[in-house]
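The lines below spell out each chain.
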Amino acid sequence: MSHFQGLVCVLRAGGGLWWRGCGGCGGILSRCRPHPRRGCSSEATVAGAVSSSSSYVEEMYFAWLEDPTNVHESWDAFFRNRKGAPSPPAEEVARRPSTLLQGRVLSHSPDTTQKVVEDHLAVHTLIRAYQIRGHHVAQLDPLGILDADLDSFVPSDLITTIDKLGFYGLGESDLDRSFRLPHTTFIGGGETTLPLREVIRRLEASYCAHVGVEFMFINNVTQCQWIRQKFETPGLMRLGDAEKRTLLARLVRSTRFEDFLARKWSSEKRFGLEGCEVLIPALKTIIDVSSAAGVDSVIMGMPHRGRLNVLANVIRKDLDQIFCQFDPKLEAADEGSGDVKYHLGMHHERINRGTEKNITLSLMANPSHLEAVDPVVQGKAKAEQFYRGDTLGKKVMSILMHGDAAFAGQGVVYETFHLSELPSYTTHGTIHVVVNNQIGFTTDPRVARSSPYPTDVARVVNAPIFHVNADNPEAVVYVCRVAAEWRNTFNKDVVIDLVCYRRSGHNEMDEPMFTQPLMYKQIRRQEHVLKKYSDKLIAEGVVTLQEFEEEVAKYDRICEEAYTSSKDEKISHIRHWLDSPWPDFFTAEGEPKTMSCPPTGLDEEIMQHIGQTASSVPLEDFTIHPGLSRVLRSRADLVKARQLDWALGEYMAFGSLLKGGTHVRLSGQDVERGTFSHRHHVLHDQEVDKRTCVPMNHLWSDQAPYTVCNSSLSEYGVLGFELGFAMASPDVLVLWEAQFGDFHNTAQCIIDQFISSGQAKWVRNNGIVLLLPHGMEGMGPEHSSARPERFLQMSKDDPDHFPDFGGDFEVQQLYDCNWIVVNCSTPANYCHVLRRQILLPFRKPLIVFTPKSLLRHPDARSSFDDLAKGTRFKRLIPDHGPSGQSPDRVRRLIFCTGKVYYELSKERKQQNLENEVAIIRLEQISPFPFDLVRAEVEKHNSEAELIWCQEEHKNMGYYDYIRPRLLTVVANKRPVWYVGRDPAAAPATGNKSTHLNELKKFMETAFNLNAFQGRKA
């Protein structure tokens, strides 16, 4: 059975389906299959064949309505026999068939009519082929040596040679025949019919020239039609003379900036933009169009290539501030370690000259780890939208720039895309600009990716992809305009693939001819895009040679003047490059307004109110799970007894901060319920789908909002997002909770490059909180350890120096550290440390090793008194038992942290050693509480043994961090002994019996008062 007959079968089997025609991007053609059991009558053949061409069938139908003899008898029979056909409306009868049908169908024989139908159907299919696959033959590579899709194969359904017309049953003689155009194309402009020759010419101009458009995978008809209209309408891609002059001026600045740096500092790395100078006018076009649409804040992220040019010509960083960074004699300020110039960011508010509107531009600082900044930018953009009530992203937007190799190769790109349409993470559309150098350092793209394009990852979220030859500046500008309009119209991501080249190697000192000799021979011959474009505009009479030369000379003078001025700069102040300033939080010099922290306790009335809300359902007619009812009753009992478990301690912290106007955002995998089913911050109605209740948002009528959101199953992307969210304001408590502590492994880049060192490199305060469930529970090696040793290794406090601070020792020490690491053993202390995070006069990242079994441990509870007004976070908890009452009788002083305290306490009681052994808990591990530890050591018997006990293996956990600091406390005059598990490769055993035996062994050692006699430290 032929395809033509198959369409008839579907038509007859599907009833009225034919009349709907192309209802989606795929249209009915993509769904047509012959029915396996139905026969096909010849009288329905013609009508069935055009079932996918609604415009043609419509003409035949109206011709039949006017007079059944106007059409062939097969059409007549079909329309008469159509089941349930209604009587023709008067207005339909009044319409006349088109001239095309009158001349080509109505007077022809059945065979001729069938041929006409088939040819029209073929032309419609041809148009669709170009829309789907035209980008494969687009002229995208400026060098002309590589296909952008890495495949030289030309799709057989694109008419690149005359003989390919045969694929559609057409021939050269059909080129001058006119065909009616379907509603799914705009190539006709105001015309409804075109000769086949013109159809092909216009399709090639739209899809196969210097722009390649990928969009037919999008499953939304309106969006597909919007893109077709933008790229197919004749004449729409032309720029006016004023636009061309603006484009030339921007290209002059982009090009001459790089030329100036190359002349002045020829032996310096700068990761220049040569080969993709059009990026600057591209970005400025996006900003212009977005500004005109109402956007007044743009947050950007990019790799190092072209960063200085973007800072100079897009953000408008003072040129002398950029040039002075090249001075080897420039002294560093005492603000931190600083970073290389091509990693730095900037925040600047200025007038956008294209729209005369204020616009704030922020380029985020980021490390060499390509694409790591992507989720950070998205998080900051989301935060700004949230604080401004910009629920549709009409005021704040993000732009991300990428390299081709990184965009295809880095998994965080997918993780970031995956967040793009999630309710608590969407930024309502990001414009991605890929600087496609067609090479990754030295790696050829043909061995660097499996996908045709580096941008194929964007297809997962139905983002349109616009490939454009970067040596055609006008095409680039048009594509950028369409991308900005797309984002403003649909609030969805869009990708611009700037297919370009890299005139130098990976950096200016690199020799690319070692690995890409043919490419770089062509690059050496390649004429600069500024020369090409200026010659074009001069030839068109848009500018004169004199005007062009004056524009070049003007910018050269600006650079020279800035260069002269830059010599006066003697000190590099990193704060001048700050990408996220908090002007009202710090002084004008960027210093804290005070160096003290108020108490973190709460009024009894507030605790009672929060406790009652936490143990109730604030909505009426809301059915909760019976098991959850028991949880709420247990909470109510605790509140009545003025007791806190871990969940209530967290409730007290969050609720009290919300009352004070501080927004709280908790994000991560399964955080709404909690991995261990302890939190239950989102209640679900058991009878009504998707009906939920967040009691935390029902505490007070004028409270700040509370956001709790389960994230996608991502750590790298989500942690980066939350870090960015925390950058936007100091008045927010942002917490990311790992499902298990070791899950932060896959977010290590964010931890190492941003959280640990961000302030030192970029003078950027951040108060993000990481909640990492940690503890040896006999559950195997994967979910036991949050790897505290890694965080402590990166803590910058000196193990061999006892800090000498004046004033408030605790606050001074916190101000001097790079982050805070705690392992709280009580709910009250957990509440205190979260509240302290906001009440401090500065912001530091907080790492909290949270418990698992302690969540419900009967001994791990606090009294309301521990959280009463005037109380504070306890960096160290002394032993309040018999040993604390008689410290002179103590023979062993055990320091520990976290859950192991309760196991030690239980074992000590069983062995009746409460007078001889004191157990002291370090709640804050870093910065190390030197002052409190020294006080404890001096309080107890000077002959008492000093023990560090941990449940982790010796080469993990806290020991390597704690031991040298304890020795510093005692001036290296007393030994510090280790009690815990032996060194191991895995964090924990997978055998329950082995786990218990290990625990028993080190418990015995901890309370064997003769264990270390005769041993050397």
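Conventions adopted
Residues numbered from 1 in each chain as written. Predicted model: local features only at pLDDT ≥ 70, side-chain atom pairs only at ≥ 80, totals over all residues. Heavy atoms only, no water. Helix = DSSP H or I, 4+ residues; strand = E, 2+ residues; numbered from the N terminus. Buried < 20%, exposed > 50% of the residue type's maximum accessible area, 1.4 Å probe, protein only. Contact = heavy atoms within 4.5 Å. Areas by Shrake-Rupley, 256 points an atom, 1.4 Å probe, with all protein chains shown as cover. Pairing = 2+ DSSP bridges. Axes fitted to C-alpha atoms, helices over the stretch in contact; angles between N-to-C directions. Salt bridge = Lys/Arg side-chain N within 4 Å of Asp/Glu carboxyl O. Disulfide = S-S within 2.5 Å. Core = buried A, V, L, I, M, F, W, Y, C linked by side-chain atoms within 4.5 Å. 1 Å grid on protein atoms, 1.4 Å probe; cavity = no way out; pocket = protein on both sides within 12 Å on 5 of 7 lines; lining within 4 Å. Points joined across faces, edges and corners; volume = space filled by probe spheres on them. Nonpolar A, V, L, I, M, F, W, Y, C, P; charged D, E, K, R; others polar. Phe/Tyr/Trp six-rings, centres within 6.5 Å; stacked < 30°, edge-to-face > 60°. Parallel < 35°, antiparallel > 145°, perpendicular 65-115°, else oblique. Arc of directions from axis to C-beta.

A. Examining the overall build of the chain more closely. For the chain, the helix and strand inventory stands at 35 helices and 28 strands. The principal-axis extents of the C-alpha atoms in the chain amount to approximately 115 × 75 × 50 Å. Buried positions account for 59% of the 1017 residues belonging to the chain. For the chain, contacts bridging at least 24 residues in sequence account for 80% of all contacts bridging at least 6. Split by element, the accessible area of the chain, about 40400 Å² in all, is 48% carbon and sulfur.

B. View of the sheet that holds strand S26 (residues 924-926). In spatial order, the strands read S17-S14-S18-S19-S21-S20-S26; together these seven strands make up an open sheet with mixed pairing. Only two strands of the sheet have a single partner each, and these edge strands are strand S17 (706-710) and S26. For this sheet, the mean inter-axis angle between neighbouring strands, taken without regard to orientation, is 20 degrees. Along the sheet, helix H30 (residues 827-839) contacts strand S18 (732-737), strand S19 (769-773), strand S20 (820-822), strand S21 (846-850) and S26; its crossing angle with S18, the most-contacted strand, is approximately 130 degrees.

C. View of the pattern of salt bridges. One pass over the structure, following the stated rule, counts 46 salt bridges. Between Arg459 and Glu214 there is a salt bridge, with its nearest N and O atoms 2.7 Å apart. Of this pair, Arg459 sits in the loop between strand S9 (430-436) and strand S10 (465-469) while Glu214 sits in strand S3 (residues 211-214), and the two are 245 residues apart along the sequence. Exposure remark for Glu214: the relative accessible area of 3% places this residue in the buried category.

D. Broad picture of the side chain of Asn829. One can find Asn829 in helix H30. Of the residues examined, Asn829 reaches a relative accessible area of 2% and is grouped as buried. Setting aside chain neighbours within four positions, we find Asn829 in contact with Cys824, Arg872, Phe873, Lys874, Ile877 and Glu923.

E. How the structure looks around the sheet that holds strand S27 (residues 945-953). Here we have five strands laid out as an open sheet, ordered S23-S25-S24-S27-S28, and mixed in their pairing. Edge positions in the sheet fall to strand S23 (876-877) and strand S28 (976-981), since each of these pairs with one other strand and no more. As defined by bridge partners, strand S24 (residues 892-896) adjoins S27 across four bridges and the pair is classed as parallel. The residue of S27 that forms the bridge with Ile894 is Ile947. Sheet strands in contact with helix H32 (residues 900-910) are S24, strand S25 (917-922) and S27, and its direction is about 170 degrees off that of S25.

F. Quick peek at the state of the cysteines. The full count for this structure, using the stated rule, is zero disulfides. Cys276 carries a free sulfur, and the closest cysteine sulfur to it, the one in Cys500, is 3.6 Å from it.

G. Expanded view of the nonpolar core. Membership of the largest hydrophobic core comes to 178 residues, with the highest contact counts inside it found for Leu279, Phe323, Val433, Ile496, Leu770 and Phe895. Not counting residues within four places of it along the chain, the set of residues in contact with Leu279 comprises Leu273, Val310, Met401, Val433, Val435 and Leu498. Among the nonpolar cores identified, the runner-up in size contains 54 residues, and Leu638, Val639, Ile820 and Leu840 belong to it.

H. View of empty space enclosed by the protein. Taken as a whole and assessed by the stated rule, the structure comprises ten cavities of 30 Å³ or more. The computed volume of the largest cavity comes to approximately 90 Å³. Forming the walls of the largest cavity are 16 residues, and the residues nearest its centre are His774, Asn823, Gly898, Lys899 and Glu951. Every element with two or more residues in the lining of the largest cavity is listed here: S21 and S27. For the lining of the largest cavity, the element with the most residues is S27, which contributes three residues. Grouping the constituent residues of the lining of the largest cavity by class yields six nonpolar, six polar and four charged. Of the voids in this model, the second largest cavity is the one considered here, and its volume is about 60 Å³. As for the second largest cavity, its lining consists of Trp646, Glu650, Phe676, His678, Arg679, Glu737, Leu771, Pro773, Tyr830, Thr850, Pro851 and Leu855. Per-class residue counts for the lining of the second largest cavity are seven nonpolar, two polar and three charged.

I. The environment of Gly190, seen in detail. Tracing the backbone through its elements, the reader meets Gly190 in the loop between strand S1 (178-180) and strand S2 (193-195). Look at Gly190 and you get exposed, because its relative accessible area is 82%. The sequence separation of Gly190 and Pro234 amounts to 44 residues, and the corresponding C-alpha distance is 9.4 Å.

J. Region of interest: the packing of aromatic side chains. Counting across every chain of the model gives 37 aromatic pairs. Seen in terms of ring centroids, Phe167 and Tyr168 are 5.0 Å apart; in terms of plane orientation they differ by 80 degrees. Their pairing is edge-to-face. Accessibility expressed as a relative area gives 10% for Tyr168, which makes it buried. The interplanar angle of 70 degrees and the centroid separation of 6.4 Å between the aromatic rings of Phe260 and Trp265 together place this pair among those described as edge-to-face.

K. Highlighting the environment of Ile751. Structurally, Ile751 is set in helix H26 (residues 748-756). With 597 residues separating them along the chain, Ile751 and Val154 place their C-alpha atoms 46 Å apart. Aside from chain neighbours lying at most four places away, what touches Ile751 is Leu719, His744, Ser756, Leu770, Phe791, Met794 and Trp819.

L. The environment of Gly990, seen in detail. Relative to the assigned elements, Gly990 resides in the loop between S28 and helix H35 (992-1006). The exposure class assigned to Gly990 is exposed, which follows from its relative accessible area of 64%. Each C-alpha atom of the pair Gly990 and Gln546 lies 79 Å from the other, and the pair is 444 residues apart in sequence.

M. Inspection of helix H17 (residues 411-419) at higher detail. Every buried residue of H17 is accounted for by Val412, Val413, Glu415, Thr416, Phe417 and Leu419. Along its buried surface, H17 packs onto helix H15 (373-387), helix H16 (404-409), S9, strand S11 (494-499) and helix H25 (716-727).

N. How the structure looks around the pairing of strand S14 (residues 663-668). Where burial is concerned, most of S14 is hidden: six out of the six residues are buried. Both S14 and S18 contribute to a ladder of six bridges, which runs parallel. Note on S18: the bridge partner recorded for His663 is Val732. Alignment of S14 against S17, held across five bridges, turns out to be parallel. Looking across to S17, one finds that Gly668 is bridged to Asn710.

O. View of the packing of H15 against H17. Between H15 and H17, the shortest axis-to-axis distance is 8 Å and the interhelical angle comes to 25 degrees. Classed by the angle they form, the pair H15 and H17 counts as roughly parallel. In contact with Asp374, Pro375 and Gln378 of H15, H17 contributes Val412, Val413 and Thr416. Its residues placed into classes, the contact of H15 with H17 shows three nonpolar, two polar and one charged.

P. Fine view of helix H19 (residues 517-525). For H19, the complete set of buried residues consists of Met519, Tyr520, Gln522 and Ile523. Buried residues along H19 cover an arc of 155 degrees about the axis, so they all sit on one side. Facing away from the buried side of H19, by more than 90 degrees, are the exposed residues Leu518, Arg524 and Arg525.

Q. Molecular detail of the pairing of strand S8 (residues 396-403). Among the eight residues that make up S8, seven are buried, leaving the element largely enclosed by the rest of the structure. Bridge count for strand S4 (residues 297-301) against S8 is five bridges, and the pairing is parallel. The partner of Ser297 across the bridge, within S8, is Val396. Pairing analysis gives six bridges linking S8 to S9, with the strands arranged parallel.

R. Quick look at unusual backbone geometry. Look at the link from Ser926 to Pro927: it is a cis peptide, with omega at -5 degrees. Turning to its location among the elements, Pro927 is positioned in the loop between S26 and helix H33 (930-939). A positive phi angle, near 60 degrees, is found at Phe441, a position not held by glycine. Here Phe441 is to be found in the loop between S9 and S10. In this structure, Asp621 takes a positive phi of about 55 degrees despite not being glycine. For Asp621, a relative accessible area of 71% puts it in the exposed group.

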